[in-house]
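Below, each chain spelled out in residue letters.
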Amino acid sequence: MNDHSLPPEFVSRLQQIIEPQNLASVLESFHAPKHTSFRVNTLKARSSDMIPRLRTTGLDAEPVAWCEEAFVVSAAQRSLLTHSPRIDTGDIYIQGLSSILAVTLLDVQPEQTNLDLAAAPGGKASHIAALMHNQGKLSVVEPIRKRMYRLADTLKRLGVTNAKTYLMDGRKVGGKVPGRFDRVLLDAPCSSESRIRGDESGSWKYWSERKIREQSRKQSGLIRSGFEALRPGGILLYCTCSFAPEENEAIVVRLLDEYPDQARLMPLDLPIKNWQAGLQKFGTQEFPGELEQTRRILPDSNFDGFFLAKVTKV
Ligand code: SAM
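Position numbers for residues count from 1 along each chain, tracking the sequence in the order it is written. Thresholds applied to this predicted model are a pLDDT of at least 70 for local features of residues and 80 or more for the giving and counting of side-chain atom pairs; totals over whole chains, interfaces and linings are not thresholded and use all residues. Working from all heavy atoms in the structure, the side-chain values ignore hydrogens and water.

Novice: How would you summarise the layout of surface pockets if you had to cite specific residues and measurements?
Specialist: Space inside the second largest pocket adds up to approximately 170 Å³. Using only the protein atoms, space was sampled on a 1 Å grid; points where a 1.4 Å probe fits but cannot get out form cavities, open sets with protein on both sides within 12 Å along at least five of seven lines form pockets, and lining residues are those with an atom within 4 Å of a point. Lining of the second largest pocket is provided by C190, S191, S192, R195, I196, G202, S203, W204, K205, Y206, W207 and K211. When residue character is reported, Ala, Val, Leu, Ile, Met, Phe, Trp, Tyr, Cys and Pro are called nonpolar, Asp, Glu, Lys and Arg charged, and the others, Gly included, polar. Of the residues that constitute the lining of the second largest pocket, the class distribution is five nonpolar, four polar and three charged. Grid points are joined across faces, edges and corners, and a volume is the space filled by probe spheres set on the points.

Novice: Residues and numbers for empty space enclosed by the protein, please.
Specialist: Under the criterion given, the structure shown has two cavities of 30 Å³ or more. Approximately 40 Å³ is the volume attributed to the largest cavity. In terms of lining, the largest cavity is formed by S29, F30, K34, S194, R197, P299, D304 and G305. Tallied by class, the residues present in the lining of the largest cavity amount to two nonpolar, three polar and three charged. For the second largest cavity, the full set of lining residues is S220, I223, R224, I251, R254, L255 and E258. Secondary structure elements follow DSSP: runs of H or I of four or more residues count as helices, runs of E of two or more count as strands, with numbering from the N terminus. Only helix 10 (209-228) and helix 11 (249-258) provide two or more residues apiece to the lining of the second largest cavity. If one sorts the elements of the lining of the second largest cavity by residue count, helix 11 sits on top with four residues. Along the lines of polarity and charge, the residues of the lining of the second largest cavity split into three nonpolar, one polar and three charged.

Novice: How would you summarise the sheet that holds strand 4 (residues 92-94) if you had to cite specific residues and measurements?
Specialist: If you trace the four strands from one edge of the open sheet to the other, you get 2-3-1-4, paired in antiparallel fashion. Sheet topology places strand 2 (62-64) and strand 4 at the edges, where each strand pairs with a single neighbour. For this sheet, the mean angle separating the axes of adjacent strands, direction not counted, is 35°. In terms of strand pairing, strand 2 meets strand 3 (residues 67-73) through three bridges, oriented antiparallel. Whether two strands pair depends on DSSP finding at least two bridges between them. Lines fitted to C-alpha atoms define the axes, with helix axes restricted to the stretch in contact, and inter-axis angles between N-to-C directions lie between 0 and 180 degrees.

Novice: Please provide a residue-by-residue account of the environment of T56, values included.
Specialist: Relative to the assigned elements, T56 resides in helix 3 (residues 47-56). Throughout this description, buried means an accessible area under 20% of the type-specific maximum (1.4 Å probe, protein chains only), exposed means over 50%, and partly exposed covers the range between. Residue class for T56 comes out exposed when judged on its relative accessible area of 70%. Residues T56 and L279, spaced 223 residues apart in sequence, show a C-alpha to C-alpha distance of 46 Å.

Novice: Please set out the packing of aromatic side chains residue by residue, giving values where relevant.
Specialist: Two aromatic rings, drawn from Phe, Tyr or Trp (for Trp, its six-membered ring), form a pair once their centres lie within 6.5 Å of each other, and the interplanar angle then sorts them: stacked below 30 degrees, edge-to-face above 60, tilted otherwise. Per the counting criterion, the structure on display carries seven aromatic pairs. Aromatic side chains F10 and F243 sit 6.4 Å apart centroid to centroid with 65° between the ring planes, which places their arrangement in the edge-to-face category. Of this pair, F10 sits in helix 1 (residues 8-17) while F243 sits in the loop between strand 9 (230-240) and helix 11, placing them 233 residues apart in sequence. Since its relative accessible area comes to 1%, F243 is described here as buried. Members of the aromatic cluster, connected to one another through ring pairs, are F10, F30, W207 and F243. A cation sits over an aromatic face here: K313 above F227, 5.0 Å from the ring centre. Charges are assigned to positions over rings by a cutoff of 6 Å between ring centre and Lys NZ or Arg CZ, combined with an angular limit of 35 degrees from the ring normal.

Shown next, in the form of C-alpha cells:
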C-alpha cells in the first residue's frame, strides 16, 4: 500500500506492525477528521447535571458505553466544546478516549497510595484523583518546569486535593521510595506517533527512528523505576501513544527479563473492538508468547493509537 502523504519509513514500519486486515483503516485514520472526547470531572460535577447543561449551549454529547464520565462530540462541534466555560471551571476536561480508557484499566480505588510517574499536563493524574474521590495519596512526577506549571494548574482547576507534585526525573523515584505504591501509571514520554496527521507535515517534523531509539532508552529507565516503586501485589500500567515496538513490547520484555521472579504481565480485557494483541516479532527481534497480553489500540475516528501493558509485582 502507498500512502504518499505520510513519511515512507513510517508507513513501512506500520506495514510490519499492523495486522494486514487493519492496515487500510489505520492509514486512513491519519487523514480522517477526529471526533473530540471529554471527561466530566466527578470531583466537581455530575454527568447527569452537566450533559443537559451542555446541551443548552448546543453541544450534542454522545455517551461512551464503557465509562460513565466520558462523552464524544463530532468534529464539527469541536470548537464549541473547546470554548465551553465548563473547561475553565474544571467541570469537564478534554481528553482522548484512549487516555481515558488507560486509567480505567488501572483498578484505582480510594485510599490507595498511587503514583503517576510522567504526569504533565495532568489529564490522567486528575482522572486517577477523581477515581480516588480525592482520598488516599497521589504522587505526580514531572521533570520539566514549564510542564510542571501546567500540571499544577490542571490539578488546581479540577479540584484535586490529594496529589503532591514532584519536579524530578521519574527514573530516580524507584531508588528513593522502593515498594511504596499500590498503583503506578507510566504514560511514558514517547515518539508520539499517534499525533501524526496526514495533512500536517509539521506533525512528523521530529519523528525519526533515532528519536524512537532515544525514547526507548529513557522508557527502560522509567519502567524500571516505576516497577521498583511498586509494592508487592501492586499494579503498574505502562502506556505510550507510539506504535513502535522498540518503545512498547521491547520495553516490557526488558522489564520481565530484569525481574524474572517479580514481574508478571496481567491480562487486559478491553471493552472495545479496535485493538490487536502485542507482537510476537518485529524485524529480527522476537518477543515471548506472553507479550500477547499487551494491547495496541488501533486508531479510528474516536481513538488515538495507543499501547498498553499491565504488570503486577509478585
Ligand atoms: N500522563 C500525561 C497526561 O495524561 O496528561 C501525559 C504524559 S506525556 C505522554 C509524558 C510526560 O513525561 C511529559 O510531560 C514529559 O515532559 C514527561 N517526561 C519526560 N522525561 C521524563 C522523565 N525522565 N521522568 C518523568 N517524566 C518525564
